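# Descriptive structure summary
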There are 4 protein chains.
Amino acid sequence: MKKISYIDDWETWKNSFSFSITVPVRFSETDMFGHMNNVTAFIYFEQARIDYLKAKGLFAEDGNWDAFPVVADLQCDFLQQIYFDEKITIHVKTADVGNSSLDIHYMATKENGDVCLTGRGALVYIDAKTHKATAIPEEMKRKLLE
Amino acid sequence: MKKISYIDDWETWKNSFSFSITVPVRFSETDMFGHMNNVTAFIYFEQARIDYLKAKGLFAEDGNWDAFPVVADLQCDFLQQIYFDEKITIHVKTADVGNSSLDIHYMATKENGDVCLTGRGALVYIDAKTHKATAIPEEMKRKLLE
Amino acid sequence: MKKISYIDDWETWKNSFSFSITVPVRFSETDMFGHMNNVTAFIYFEQARIDYLKAKGLFAEDGNWDAFPVVADLQCDFLQQIYFDEKITIHVKTADVGNSSLDIHYMATKENGDVCLTGRGALVYIDAKTHKATAIPEEMKRKLLE
Amino acid sequence: MKKISYIDDWETWKNSFSFSITVPVRFSETDMFGHMNNVTAFIYFEQARIDYLKAKGLFAEDGNWDAFPVVADLQCDFLQQIYFDEKITIHVKTADVGNSSLDIHYMATKENGDVCLTGRGALVYIDAKTHKATAIPEEMKRKLLE
């Protein structure tokens, strides 16, 4: 098992997730190497992240925000090949919350429990008027960490 | 050569296009059958259609429209397999303009000139306020048919 | 209601489907016009078609075919705008089976039952060795029409 | 300017690229937030990486490899919003070559020269028969670093 910079202890990390979604790998998401195209991992991460934020009441779909989270960076480690029609479960959690940004972690597992992808990415909370980073409200921090 | 409903005479039709764009087939646009995924054809059609409308001054990117074209339907005939890294030229033309809608035709060719895709689709001109079909301005009709 | 060439009687057609899958519209499947991008319809059609063929035992995932179905054409009518996070149900059926090809019909509905997309497309059954159209086995025809 | 872990000195890094491709942002690559969807960055990185490897004679399209590079991880920092129809230039270079893996860096710039994306990712060289990491041939190392 290679060392991944954002994972301290593998077993602790694996067991720290409580939210997940499951998606089947679509035929159009494969590529000519016969497996799920690497880009697809980030489609799943986005879907899982938004569903997670929605479940916490932090994703306003109607676009009427005073402030909203923007992706600052994203990364993914590809641990196992993934194939057409596999059912992949993407787990999401908030790993850290700062003043105006938060760190989201991702873990994707196969039906047999194998971890096939891990990832992380920062979101920055942006003021809708100034387009600058702004403090995450305490209420939002509380929801993210609960 | 199979009969395609929107093509009367093949040679006449083939020679009736004057606008085109060329795109390379991306690796992420292939699928596990080893060729370009069928969905990709519609990505190319959209890109070619918008570039065509832009070239005619009919695609307002800033979103400040009184009225704008909406896709009413789309179809594609797959005549030849397409593979990774092929350079595909997508030709676009206005086949017909009605009161509030127009019919766009598509033809995709390979570097050797072979036609690999044909297609068509109607656009309906929608009033931005009422969201109902509205008459295409005469100036726009003129540009489309010139 | 506009006339759609592949639908004879709307009510009869609507009630003729017995297989469907349901998918949520992903954020990455929207576009800057604020709705589901048109290309996405064909992603859903492909997923629904393959799940349908699999359910009938007619999609061999391992690639060991003597013959396999290839998409000959595809078309989609866009009846209603579709938005992020809507749950769309895509219904699929075999409308017709010929000697070496079959016609698949699609109908997508919203949670309130509104039909937002209709479509169709032919599949041609191709011999894996000769790459030419070949007769659809009687057993397969039977499964498709049951 | 935020600190990016894989960039030591910004100016030195920016000037270290010699290969690039330019792509227009497609309408289908935007999302309802009105900008290029984050996932699209990885589509561009893949296209640029493959074109780069091809230019060095290291991407065998026909699939007849003894060994081939597999993506081990990918990351992207989003420095500026990107919009429909912008022409984005993606620069690629080999930052480091180990025994069986290499580190690829990415930088995307706008037409005005602004850096809008940076990224990196490791490729592992895999033996086609054993599916295990294998030594990168000296000839390949030389080409990558020249």
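Up top you'll find the structure we're talking about.
Quick look at the structure, then.

### What about the packing of helix 2 (residues 38–55) of chain B against helix 2 (residues 38–55) of chain C?
One way to put it is that helix 2 of chain B packs onto helix 2 of chain C with a least axis distance of 9 Å and a crossing angle of 170°. Between helix 2 of chain B and helix 2 of chain C, the angle is such that the two are roughly antiparallel. The residues of helix 2 of chain C that touch helix 2 of chain B, namely those facing B:Asn38, B:Val39, B:Phe42, B:Ile43, B:Glu46 and B:Arg49, are C:Asn38, C:Val39, C:Phe42, C:Ile43, C:Glu46 and C:Arg49. Among the residues forming the contact of helix 2 of chain B with helix 2 of chain C, the class breakdown is six nonpolar, two polar and four charged.

### A few points about empty space enclosed by the protein
This model, assessed by the stated rule, comprises two cavities of 30 Å³ or more. The volume enclosed by the largest cavity comes to roughly 630 Å³. In terms of lining, the largest cavity is formed by 29 residues, of which the most central are A:Ser28, A:Ile43, B:Ile43, C:Ile43 and D:Ile43. When residues of the lining of the largest cavity are traced back to their parent elements, those giving at least two are helix 2 (39–55) of chain A, helix 2 of chain B, helix 2 of chain C together with helix 2 (38–55) of chain D. Each residue belonging to the lining of the largest cavity can be placed in one class, and the counts come to eight nonpolar, 13 polar and eight charged. Examining the composition of the lining of the second largest cavity, we find that three residues originate from one element, helix 2 of chain D, more than from any other. For the lining of the second largest cavity, the class distribution of residues is five nonpolar, one polar and three charged.

### Structural notes on the packing of helix 2 of chain A against helix 2 of chain D
Where helix 2 of chain A meets helix 2 of chain D, the closest approach of the two axes is 9 Å, and the angle between their N-to-C directions is 170°. Taken together, the axes of helix 2 of chain A and helix 2 of chain D are roughly antiparallel relative to one another. Seen from helix 2 of chain A, the contacting residues are A:Val39, A:Phe42, A:Ile43, A:Glu46 and A:Arg49; seen from helix 2 of chain D, they are D:Asn38, D:Val39, D:Phe42 and D:Ile43. Its residues placed into classes, the contact of helix 2 of chain A with helix 2 of chain D shows six nonpolar, one polar and two charged.

### Describing the interface of chain A and chain D
One frequently used descriptor of interface size is the decrease in accessible area upon assembly of the parts. Opposite the 23 residues of chain A that make contact, chain D presents 23 residues. Taken together, the links from chain A to chain D amount to zero salt bridges. Run the count over chain A and chain D and you get six residue pairs in polar contact (both at pLDDT 80 or more). Those elements giving two or more residues to the side of chain A that touches chain D turn out to be helix 2, strand 2 (67–71) and strand 3 (73–78) of chain A. Per-element tally for the side of chain A that touches chain D: the top contributor is strand 3 of chain A, with six residues. Here the side of chain A that touches chain D is composed, by residue class, of 13 nonpolar, four polar and six charged. Where strand 3 of chain A and strand 3 (residues 73–78) of chain D come together, five bridges link them in antiparallel fashion. Within strand 3 of chain D, the residue paired with A:Asp73 across the bridge is D:Asp77.

Rules and cut-offs
- Residues numbered from 1 in each chain as written.
- Chains lettered and ligands numbered in written order.
- Predicted model: local features only at pLDDT ≥ 70, side-chain atom pairs only at ≥ 80, totals over all residues.
- Heavy atoms only, no water.
- Axes fitted to C-alpha atoms, helices over the stretch in contact; angles between N-to-C directions.
- Helix = DSSP H or I, 4+ residues; strand = E, 2+ residues; numbered from the N terminus.
- Parallel < 35°, antiparallel > 145°, perpendicular 65-115°, else oblique.
- Contact = heavy atoms within 4.5 Å.
- Nonpolar A, V, L, I, M, F, W, Y, C, P; charged D, E, K, R; others polar.
- 1 Å grid on protein atoms, 1.4 Å probe; cavity = no way out; pocket = protein on both sides within 12 Å on 5 of 7 lines; lining within 4 Å.
- Points joined across faces, edges and corners; volume = space filled by probe spheres on them.
- Salt bridge = Lys/Arg side-chain N within 4 Å of Asp/Glu carboxyl O.
- Polar contact = N/O pair within 3.5 Å; in protein donor to acceptor, adjacent residues only side chain to side chain.
- Pairing = 2+ DSSP bridges.

Without other data, these values stay purely geometric and don't point to any function.
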